[in-house]
Amino acid sequence: MSTSVQRFSPYINGVMMEPSSGKFFQRFDPGDKGNMIALVGDGSRDVGAAVDAAREAFDGDRSGWVSDYRLRARVLLRAADIVRERASELARLESLFTGKTIRTSRLGDIPRTAEILEFYAGAADKLLGYSQQLRNGDVTVLLRQPVGVVAAITPWNFPLLILARQTAPALAAGCTVVAKPATITPATAIELAKILEKAGAPPGIFNVVTGPGETIGAELLKSPKIDVVNFTGETTTGKMIMQNAASSLKRVVLELGGKNPNIVFEDADLEQVANAVTYGAFANNGESCAAGSRLLVQRNVRKKLVEMVSNKIRGLRVGYQLDETSDLGPLVSQQQMEKVLEYVAAAFSEGLDVVVGGRRLSGGVFDKGFYVEPTLVDQTPPTSKLFREEIFGPVLTVTEFENEEEAVALANATVYGLAAGVWSNDSRKAMRVAEKVKAGTVWVNTYYTLPVEQPWGGFKESGIGRNNTILALEHYLEWKGVYIDTQKGPMRPYYGIVLGQKQS
């Protein structure tokens, strides 16, 4: 599957420049590993320039970006329109680099990106403060002002969608951005920079540094010119970011791993459950922190539901990511494929019942890329590493429970707390369980619906802070209190504490 080789380099102050290092990384198609699709510039030496550009644009209120909320609203709204106009091109880029199916990009990621930009365009001119007149007639005013420069560090599984989720509220608030996309998926981050420029964003407002995360991320964390770090990715890296950010008291927003349960009670609509569970576990090839990778089922219906889900999994078509008929594509890299296969091997070594899948696919197009069968592992005990650890691939485990208390205990038996699903036709029971499950998002009788109006973030080791909704704006705003004295004369009663009662 030949494609032209594109070049993606740091985008700073409105210009995509050659990397100062002079180095480029090769990026190959995950669905056809012999096909080089891009050269990615090593921007390790360009972090300072990107941060300076963002800092100067913010401190200088370039073209009124910080002060003119209507400018910010127009830019974000126009950017949303351009994303829609370029939807087919962006979807192809997103799928080509990540391995996600073209349907996933075209019907999911790209429209949701436009909706995020549109949502925060509507918020830019509504960042209201407060005022209060005090008993003595003085006035206190509470202003909300943008924090400053935001470092947005994003993963490879949803390159454009997560970048928009992190940066649209920051831009709406009046901040400027330095984006660090994953090394292997930089394409749509660069395209978003171009889109924002075309939409009217002044130079320096949105900058992108391509290249290795370990060096670029460290530079961003070290820089005193960065005010906020928003990171989405693996939990171990998130802990390191939080530790390093503490040295300069940077604000930190972390959206980290998940080991998310779908809790199915015997009174649930099993056909609906089977559809949603299959979607929730295998959407985006299972390479999602929100994947419903643990199926917890009440004992009386476990065998029936496992059979129903197994049949649906057998009907899934794995194929090249740009093929319209593919339900799952290749995993993003050989490293990720090997990680997933190690977990599948562990299932066999632990003597677990691998009902469906469990192999790397071979023959034809499969020999060219990183294709793994969607896999279902039944009767997975809580002691298994497959139950406890985030696999980040197309593997679904099944564990049965006896009653509501056991279901909640199993759901919470993890260091993570990102998302969960609860399935029951008893609304009271569903709400009881939803309240007890330690997760930032709980879906009831559905799974993995995440509009921008729904807050997104986790409990425990799944992160800190919330993306999406109006809540996300608070990460990028400072509260400032201004006290206005309206009284006449040179003396106030409290001055006398120091000046004495004889002063006038």
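One can find the structure itself at the top, above this paragraph.
Structural notes, computed from the coordinates.

1. A few points about the pairing of strand S12 (residues 251-255)
And step 1. Taking burial as the measure, the five residues of S12 include four buried ones, the bulk of the element.
And step 2. Direction of pairing for strand S11 (residues 228-232) relative to S12: parallel, over a ladder of five bridges. If you follow Asn230 over to S12, its bridge partner there is Val253.
And step 3. One ladder, built from two bridges, connects S12 with strand S22 (residues 463-464); its direction is antiparallel. Bridging across to S22, Glu255 finds its partner in Gly463.

2. A word on the environment of Lys222
And step 1. Assignment of secondary structure puts Lys222 in helix H7 (residues 213-222).
And step 2. Owing to a relative accessible area of 60%, Lys222 belongs among the exposed residues under this scheme.
And step 3. When the C-alpha atoms of Lys222 and Phe387 are compared, they prove to be 37 Å apart, with 165 residues separating the residues in sequence.
And step 4. One polar contact links Lys222 to Glu219, side chain to side chain, over a distance of 3.1 Å.

3. What about the side chain of Lys250?
And step 1. Turning to its location among the elements, Lys250 is positioned in the loop between helix H8 (235-245) and S12.
And step 2. A polar side-chain atom of Lys250 sits 3.1 Å from the main-chain carbonyl oxygen of Leu221.
And step 3. When neighbours within four sequence positions are excluded, Lys250 is seen to be in contact with Leu220, Leu221, Lys222, Ser223, Pro224, Ile226, Asp227, Val229 and Ala245.

4. Notes on the nonpolar core
And step 1. Within the largest apolar cluster, 106 residues are counted, with the highest numbers of intra-cluster contacts made by Tyr120, Leu196, Phe206, Val264, Leu295 and Leu305.
And step 2. The element contributing the most residues to this core is helix H5 (residues 159-173), with ten residues.
And step 3. Once residues within four sequence positions are removed from consideration, Leu305 is found in contact with Val264, Leu270, Val273, Ala274, Leu295 and Val297.
And step 4. Listed in part, the 22 residues of the second largest apolar core include Val51, Val209, Leu221 and Val229.

5. Looking at the environment of Ala407
And step 1. With respect to the secondary-structure elements, Ala407 resides in helix H13 (residues 404-411).
And step 2. Expressed as a C-alpha distance, the spacing of Ala407 and Tyr11, which sit 396 residues apart in the sequence, is 49 Å.
And step 3. Contacts of Ala407, omitting those with residues within four sequence positions, involve Ile263, Phe265, Leu296 and Phe401.

6. Focus on the layout of surface pockets
And step 1. Estimates place the volume of the largest pocket at around 1200 Å³.
And step 2. For the largest pocket, the lining is made up of 44 residues, of which Trp156, Phe231, Gly233, Glu234 and Thr237 are closest to its centre.
And step 3. Those elements that provide at least two residues to the lining of the largest pocket are H7, S11, H8 and helix H11 (334-349).
And step 4. With five residues, the top contributor of residues to the lining of the largest pocket is H7.
And step 5. Classifying every residue of the lining of the largest pocket by side-chain character gives 21 nonpolar, 14 polar and nine charged.
And step 6. The calculated volume of the second largest pocket comes to roughly 430 Å³.
And step 7. Lining the second largest pocket are 18 residues, with Thr101, Thr104, Tyr279, Ala283 and Asn284 sitting closest to its centre.
And step 8. Residue composition of the lining of the second largest pocket, by class: eight nonpolar, six polar and four charged.

7. Remarks on the pairing of strand S6 (residues 130-133)
And step 1. The sheet contact formed by S6 and strand S7 (residues 139-146) spans four bridges and is antiparallel. Bridge pairing links Gln133 to Val139 in S7.
And step 2. What sits between the antiparallel neighbours S6 and S7 is a turn of five residues, in which Gly137 has the positive phi angle 95°.

8. Some points on the sheet that holds strand S1 (residues 6-8)
And step 1. Spatially, S1-S5-S4 is the arrangement adopted by the three strands of the open sheet, whose pairing is mixed. The two strands at the open ends of the sheet, each matched to only one other strand, are S1 and strand S4 (24-29). Put simply, the sheet's adjacent strands are angled 35° from each other on average, direction ignored.
And step 2. Both S1 and strand S5 (residues 32-41) contribute to a ladder of three bridges, which runs parallel. Residue pairing for S5: Gln6 is matched across the bridge by Ala38.

Parameters at a glance
Residues numbered from 1 in each chain as written. Predicted model: local features only at pLDDT ≥ 70, side-chain atom pairs only at ≥ 80, totals over all residues. Heavy atoms only, no water. Buried < 20%, exposed > 50% of the residue type's maximum accessible area, 1.4 Å probe, protein only. Helix = DSSP H or I, 4+ residues; strand = E, 2+ residues; numbered from the N terminus. Pairing = 2+ DSSP bridges. Polar contact = N/O pair within 3.5 Å; in protein donor to acceptor, adjacent residues only side chain to side chain. Contact = heavy atoms within 4.5 Å. Core = buried A, V, L, I, M, F, W, Y, C linked by side-chain atoms within 4.5 Å. 1 Å grid on protein atoms, 1.4 Å probe; cavity = no way out; pocket = protein on both sides within 12 Å on 5 of 7 lines; lining within 4 Å. Points joined across faces, edges and corners; volume = space filled by probe spheres on them. Nonpolar A, V, L, I, M, F, W, Y, C, P; charged D, E, K, R; others polar. Axes fitted to C-alpha atoms, helices over the stretch in contact; angles between N-to-C directions.

Spatial relationships are all this shows, so hold off on functional conclusions.
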